[in-house]
Amino acid sequence: MSWTEIGERRAVVSGVGQSQIGRRIYRDPLGLTLDACLAAVEHAGLQLSDIDGLATYPGNMNIPPGFSGVGIAEVHDALRLELNWFAGGLELPGQLGAVANAVAAVATGLCNHVLCFRTVWEASAQGDAGRASVTMGGGGGGGGGGGYRATSFMQWSLPFGAPSAANWIGMMANLHFHRYGTTREQLAWIALNSRRNAEINPTAIYRTPMTMDDYLGVRMISDPLCLYDCDVPADGSTAVIVSRGDAAADLRRPPVRIEALGTALRGRPSWDQFDDLTTMALRDAAAMMWERTDLTPEQVHVAELYDGFSFITLSWLEALGFCARGEGGPFVDGGTRIAREAAGVPGSVALNTHGGQLSAGRLHGFGFLHEACLQLWGEAGERQVRIDGGDPSVGIAAAGGGPLAAAFLLRTD
Amino acid sequence: MPDQPFRVLPAVTSDNEHFWRGGEHGELRFLHCAACGTWIHPPQPRCPSCLSTEVAPRASSGRGRVLTYTVNHQPWYPGLDPPYVVAIVELDDQEGLRLTTNIVGIEPDRVEFDQRVRVTFEEYPDRDGSVWLPFFEPDPDAGGPVARGAQGGTP
Ligand SMILES: [Zn+2]
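This report concerns the structure included in the present document. (Residues numbered from 1 in each chain as written. Chains lettered and ligands numbered in written order. Predicted model: local features only at pLDDT ≥ 70, side-chain atom pairs only at ≥ 80, totals over all residues. Heavy atoms only, no water.)

**Quick word on helix α6 (residues 184-198) of chain A**
Residue and element names in this part refer to chain A. With 15 residues, α6 extends 21 Å from end C-alpha to end C-alpha; this agrees with the ideal 21 Å at 1.5 Å per step. The principal kink in α6, of about 25°, is found at isoleucine 190. Those residues of α6 that sit buried are Arg184, Gln186, Leu187, Ala188, Ile190, Ala191, Leu192, Asn193, Ser194, Arg195, Asn197 and Ala198. (Helix = DSSP H or I, 4+ residues; strand = E, 2+ residues; numbered from the N terminus. Expected span 1.5 Å × (residues − 1). Bend = angle between axes of the 7 residues up to and from the residue. Buried < 20%, exposed > 50% of the residue type's maximum accessible area, 1.4 Å probe, protein only.)

**Let's talk about the coordination of the zinc ion**
Where a metal carries four tetrahedral donors, each ideal angle is 109.5 degrees; where it carries six octahedral donors, the ideal angles are 90 or 180 degrees. Residue and element names in this part refer to chain B. Distances from the zinc ion to its protein donors, namely Cys33 (SG), Cys36 (SG), Cys47 (SG) and Cys50 (SG), fall within the range 2.2 to 2.3 Å. Look at where the donors of the zinc ion fall in the sequence and you get C-x2-C-x10-C-x2-C. With a gap of 11 residues between them, cysteine 36 in the loop between β2 (29-33) and β3 (39-40) and cysteine 47 in the loop between β3 and β4 (55-59) connect regions that are remote in the sequence. (Donors = N, O, S within 2.8 Å, 3.2 Å for Na, K, Ca; no water.)

**Some words on the environment of arginine 21 of chain B**
All names here are of chain B. The residue arginine 21 is located in helix α1 (residues 17-21) in this model. A residue is classified by how much of its surface remains accessible, and arginine 21, at 18% relative accessible area, is buried. Along the sequence, arginine 21 and aspartate 128 sit 107 residues apart, while their C-alpha atoms lie 12 Å from each other. Beyond its immediate chain neighbours, meaning those up to four positions away, arginine 21 contacts Val12, Asp128, Gly129, Ser130 and Trp132. Within the local environment of arginine 21, its side chain forms a polar contact with the backbone oxygen of serine 130, the two atoms lying 2.8 Å apart. (Contact = heavy atoms within 4.5 Å. Polar contact = N/O pair within 3.5 Å; in protein donor to acceptor, adjacent residues only side chain to side chain.)

**Let's talk about the sheet that holds strand β2 (residues 53-56) of chain A**
All names here are of chain A. Taken in spatial order, the 10 strands of this open sheet run β3-β2-β4-β8-β1-β9-β13-β12-β10-β11, and their pairing is mixed. Strands with a single pairing partner mark the edges of an open sheet, and in this sheet they are β3 (85-88) and β11 (350-351). Direction of pairing for strand β4 (residues 113-121) relative to strand β8 (residues 235-244): antiparallel, over a ladder of nine bridges. Opposite valine 114, over in β8, you have valine 242 as the bridge partner. Seen against the sheet, helix α3 (residues 97-107) touches β1 (11-18), β2, β3, β4, β8, β9 (256-262) and β13 (406-411) and runs at an angle of roughly 20° to β8. (Pairing = 2+ DSSP bridges. Axes fitted to C-alpha atoms, helices over the stretch in contact; angles between N-to-C directions.)

**Description of the interface of chain B and chain A**
Each partner contributes residues to the interface: chain B has 47 residues there, and chain A has 46 residues. Here chain B and chain A share an interface that buries about 3,800 Å² over both sides, 57% of which is from carbon and sulfur atoms. At the junction of chain B with chain A, the criterion picks out one salt bridge. Close ionic contact of aspartate 126 of chain B with arginine 149 of chain A constitutes a salt bridge, the shortest N to O distance being 2.6 Å. Residue assignment for the side of chain B that touches chain A shows that the elements contributing at least two residues are β1 (7-10), α1, β5 (63-72), β6 (84-91), β7 (98-103) and β9 (131-138) of chain B. The element best represented in the side of chain B that touches chain A is β5 of chain B, accounting for six residues. (Buried area = accessible area lost by both parts, 1.4 Å probe. Salt bridge = Lys/Arg side-chain N within 4 Å of Asp/Glu carboxyl O.)

**Examining helix α1 (residues 29-44) of chain A**
Residue and element names in this part refer to chain A. With 16 residues, α1 should reach 22 Å at 1.5 Å per residue; the first-to-last C-alpha distance of 23 Å fits that figure. Where α1 is buried, its residues contact β1, α2 (72-78), β4, β8 and α12 (366-377). Where α1 ends, the next residue or the one after it, glycine 45, has phi of about 80°, a positive value.

**Quick word on the sheet that holds β4 of chain B**
Residue and element names in this part refer to chain B. Spatial strand order, β3-β2-β4: three strands in an open sheet with antiparallel pairing. Edge strands, defined here as strands with exactly one partner in the open sheet, are β3 and β4. Bridge count for β2 against β4 is five bridges, and the pairing is antiparallel. Note on β4: the bridge partner recorded for phenylalanine 30 is arginine 58.

**Describing the packing of helix α8 (residues 282-291) of chain A against helix α9 (residues 310-319) of chain A**
Residues and elements named next belong to chain A. Put simply, α8 and α9 touch, their axes get as near as 9 Å, and they point 35° apart. Here α8 runs over α9; the crossing is right-handed. Residues Leu282, Arg283, Ala285 and Ala286 of α8 lie in contact with α9, whose contacting residues are Ile312, Ser315, Trp316 and Ala319. Per-class residue counts for the contact of α8 with α9 are six nonpolar, one polar and one charged. (Left-handed = near helix turned anticlockwise from the far one by under 90°. Nonpolar A, V, L, I, M, F, W, Y, C, P; charged D, E, K, R; others polar.)

**Focus: the nonpolar core**
Counting residues in hydrophobic clusters, the biggest one holds 137 residues, and the most contacted among them are Trp316, Ile396 and Leu410 of chain A together with Ile103 of chain B. Counting 22 residues, the second-largest nonpolar core is a separate cluster that includes Val12, Ala36, Ile72 and Leu115 of chain A. (Core = buried A, V, L, I, M, F, W, Y, C linked by side-chain atoms within 4.5 Å.)

**Digging into the side chain of glutamine 186 of chain A**
Residue and element names in this part refer to chain A. Take glutamine 186: it is sitting in helix α6. A residue is classified by how much of its surface remains accessible, and glutamine 186, at 11% relative accessible area, is buried. If we skip the residues at most four places from it in the chain, glutamine 186 touches Gly181, Gly329, Pro330, Val332 and Asp333.

**Topic: the pattern of salt bridges**
In total, this model carries 31 salt bridges over all chains according to the counting rule given. Here aspartate 275 of chain A and arginine 283 of chain A are joined by a salt bridge, their closest N and O atoms 2.7 Å apart. The exposure class assigned to aspartate 275 of chain A is partly exposed, which follows from its relative accessible area of 45%. Across the pair arginine 116 of chain B and aspartate 92 of chain B runs a salt bridge, and its minimum N-O distance is 2.6 Å. A residue pair is termed long-range when its members are at least 10 positions apart, and arginine 116 of chain B in strand β8 (residues 116-124) and aspartate 92 of chain B in the loop between β6 and β7 qualify at 24 residues. Among the residues examined, arginine 116 of chain B registers a relative accessible area of 26% and is labelled partly exposed. Salt bridges sharing partners connect three or more residues here, namely Arg9, Glu259, Arg411 and Asp413 of chain A.

Okay, here's the thing in structure tokens:
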């Protein structure tokens, strides 16, 4: 498809911020959110009175427990913002769909500076019950039990004991393994690379080294996905500020420009009805993003790609063209093409430099955009990627899995 | 139905009743377009191919193949013990006519890609009437990897 207007180039990221991040820190989710929001405003060099837009994913909801707990209204009121535009919700192209909304809002001139946030407190909310507590309809005992009856799209999976994306993504990963010969020993490198990066990220949750033996020895969740293929529930909030480019010229740091956005979903909007189960919507979002730019994958230095499950990252790598379809396994094998040190090396890209959700914590999509911007600003500390002694200048932040996906191509050059 | 594994049951409505209760008659039913012959799943009021409203439930062959699967090891629900096989089965009736289900009647580690399977129903009583969950088992009429006499395959 050819495009006549690339309006996202009128938008930039002007600042980012994060709250305390951890496991079961038992802090009020609104408090975490305000910490992240104020940090982002300060980071951008803006005043709260400059913020005239507010965007979030998924809005205020708490099913499953700790999934959000903070919506537009809570932050709007707590900070006494005067808004010209706002939007929060779930029916978006993935978590970063909220940021895509903000880009559209500033590009059309509805507002100047949009505060975008995503808050999770799943670690605290799930408490000691563990992640199995999030499954809907667990009534205990045998037979058809409990008061819950499955509706909407969940009716097609819950009766079959498949309540989790681990099952749905597990089937996609298994098909990829079958079709392309991908192995667990290859997929492992997504997790091992992330852990290696998390070791030097002071805010990451899991920072102790992980070996291949650790990975292969841990319990299986839904074949071929083991525990270390699943991200780790966390508490924390991430905020990013999307600004109109011509309103951000004099801010604290040179803005991260949005070169291209991909938000497409060209197949069926379904976890099990989508035409190609090994690519899902990532294929469409990535294709659209590249349709809207002259840049190519070879020019990308850092890729921060969603890893709610490790296989999603593998699929993003293929969809974004870092390797051919089906070649994700050999591409990540051994870890050298995705390591921090690989940035700028032809045929390589630095992947999930903060540790991803697998090791740094499930901040649910926004953590990838946060990290991509930090890398492009040269503010990533010990894990900072270098290109010929300088900072990277082109990065991708992409989030979502299954039928939900959005990709951002970012640049500072 | 004592000793059944725990199952979250669907909310049966006029839109999906043909699917969840067709098993009472031994039939795996989907909506079918009288105008162009397209099978439709999940149920929709118009045919997605020709937009006709002449869509009505019809019995499929109930036979197909394992498009993909996963052996679930995580105990998501008390009363539903792993391991069990979650699969996407594609019906013979139309390319792309598929559903998420369980493969039963075979050891989980014997399930294979493209394995020939046929529907088998299990009745679950509910407060407003039973539902019949459509599982799939190795198709005894098909060649290929069928594990006869497998034990304990019911998830
Ligand atoms: Zn039709």
